[in-house]
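Each chain is listed here by its residues.
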Amino acid sequence: MILSGLKIQEYLHNKIHIEPYDSRRLNANSYNLRLHNSLLTYTQIPLDMKKKPEAKRILIPEEGFEMQPGVLYLGRTIEYTKTYDLVPMLEGRSSVGRLGLFVHVTAGFGDVGFEGYWTLELFCVHPIRIYPNIEICQIFYHTIEGDHRPYFSTKYQKNTDVQISLLYKEFKHD
C-alpha cells in the first residue's frame, strides 16, 4: 500500500525523516525532492564493472547547465532521507519527464532502513538546461508486510555526496 501525503506528514520524525522538510512540497501521495548543484560524469569510457570508475565533478551554476544526450550524469537530492519500516521509492516528476529528462535509469527502489541522499541517474533524450534546487523527483513510500531486516550496506548507507557505482567492490580482487 502506498502512503498518502497526509500519512507521510504524520510519520515525519517517526518512521520518515526528510531534512530539510517543507510542507509546500508535500503531494497527495509523495513528496518532491530537489536537485543539488553538484553532478558527476564518468571520464573513462568504456566503463569496466570490475574497476573503480573515474569521474569529474560539474557544478550547476544558478544560470543553469546544459545536459547532453548520451551522457550519464549522476546527481543527488538536496534532501537527506531516513526511513523505518517503510519501503521508499523514487520517481521523476511527470513535468520533468515530459521534457525528456530521466531521473533514474534503474535505481528508483529503496530499501527499508535506507538513510542518505538519493543519487540520481540523470539522462536526457535531447539537450536540456537544468537548474540547481529544482523539484526534480518525488519520493513515495510503501508499507512492508512480514518480518524484515533493515537495509545495511557499507557501500551506500549514510552517504554524504553524489555516489559513483561501487559495483567493483563486489568482485574479488587478487
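As a reminder, the structure under discussion sits directly above these lines.
Residues numbered from 1 in each chain as written. Predicted model: local features only at pLDDT ≥ 70, side-chain atom pairs only at ≥ 80, totals over all residues. Heavy atoms only, no water.

Draft legend 1. Main features of the overall build of the chain. For the chain, the count of helices and strands is two helices and 11 strands. Along the chain, helices (α) and strands (β) appear in the sequence α-β-β-β-β-β-β-β-α-β-β-β-β when read from the amino end. The principal-axis extent of the C-alpha atoms belonging to the chain is close to 45 × 45 × 25 Å. Burial analysis of the chain (174 residues in total) assigns 46% to the buried set. Excluding contacts between residues fewer than 6 apart, the proportion of contacts in the chain whose partners are at least 24 apart in sequence is 74%. Approximately 10,000 Å² of the chain is accessible, and the part contributed by carbon and sulfur atoms is 52%. Averaged over its 20 positive side-chain charges, the chain has a centre that lies 3 Å from the centre of its 20 negative ones. (Helix = DSSP H or I, 4+ residues; strand = E, 2+ residues; numbered from the N terminus. Buried < 20%, exposed > 50% of the residue type's maximum accessible area, 1.4 Å probe, protein only. Contact = heavy atoms within 4.5 Å. Areas by Shrake-Rupley, 256 points an atom, 1.4 Å probe, with all protein chains shown as cover. Lys, Arg positive; Asp, Glu negative; His and termini not counted. Charge placed at Lys NZ, Arg CZ, Asp CG, Glu CD.)

Draft legend 2. Structural detail: the pairing of strand β7 (residues 86-92). Burial analysis of β7 places five of its seven residues in the buried class, the great majority of the element. The sheet contact formed by β7 and strand β11 (residues 135-143) spans seven bridges and is antiparallel. Bridge assignment links E91 to a residue of β11, and that residue is Q138. (Pairing = 2+ DSSP bridges.)

Draft legend 3. Representation of the state of the cysteines in the model. Throughout the structure, instances matching the rule amount to zero disulfides. Just so you know, C124 is unpaired, no disulfide at all, and the nearest cysteine sulfur is the one on C137, 16 Å from it. Of the residues examined, C124 reaches a relative accessible area of 1% and is grouped as buried. (Disulfide = S-S within 2.5 Å.)

Draft legend 4. Just the nonpolar core, in detail. Of all hydrophobic cores here, the largest spans 33 residues; its most connected members are I16, M67, L101, L122, I130 and I136. Those elements that place two or more of their residues in this core are α1 (5-11), β1 (16-19), β2 (31-34), β5 (65-67), β7, β9 (115-124), β10 (128-130) and β11. Apart from residues lying up to four places away in sequence, L122 is in contact with L35, L39, M67, V71, L72, Y73, G75, L101, F102, V103 and I136. Counting seven residues, the second largest nonpolar core, distinct from the first, contains V162, I164, L166 and Y168. (Core = buried A, V, L, I, M, F, W, Y, C linked by side-chain atoms within 4.5 Å.)

Draft legend 5. Looking closely at the sheet that holds β11. In space, the three strands of this open sheet follow the order β2-β11-β7, with antiparallel pairing throughout. Edge positions in the open sheet fall to β2 and β7, since each of these has one partner strand only. Looking at each pair of strands side by side, their axes are set apart by 35 degrees on average, direction ignored. (Axes fitted to C-alpha atoms, helices over the stretch in contact; angles between N-to-C directions.)

Draft legend 6. Spatial organisation of a nonpolar patch on the surface. A cluster of nonpolar residues, F102, V105, F123 and V125, forms a patch on the protein surface that exposes about 350 Å² of accessible area. Within the secondary structure, V105 is located in the loop between β8 (101-102) and β9. (Patch = residues over 30% accessible without salt bridge, like charges linked within 9 Å, V, L, I, M, F, W, Y side chains within 5 Å. Salt bridge = Lys/Arg side-chain N within 4 Å of Asp/Glu carboxyl O.)

Draft legend 7. Local environment of the side chain of R76. Here R76 is to be found in strand β6 (residues 73-83). Filtering out sequence-adjacent residues up to four positions away, R76 remains in contact with R34, L35, H36, S38, Y117, W118, T119, L120, T160, D161 and V162.

Draft legend 8. Quick look at the pattern of salt bridges. Following the criterion strictly, the structure yields eight salt bridges and no others. Two residues, D22 and R25, come together in a salt bridge whose shortest N-O distance is 3.5 Å. Of the two residues, D22 and R25, both sit in the buried class. The residue R34 makes a salt bridge to E79 at a minimum N-O spacing of 2.7 Å. Linking R34 in strand β2 with E79 in strand β6, this pair joins segments that are 45 residues apart in sequence. Residue class for R34 comes out buried when judged on its relative accessible area of 15%. One network of salt bridges, in which partners are shared, links D22, R24, R25, R34 and E79.

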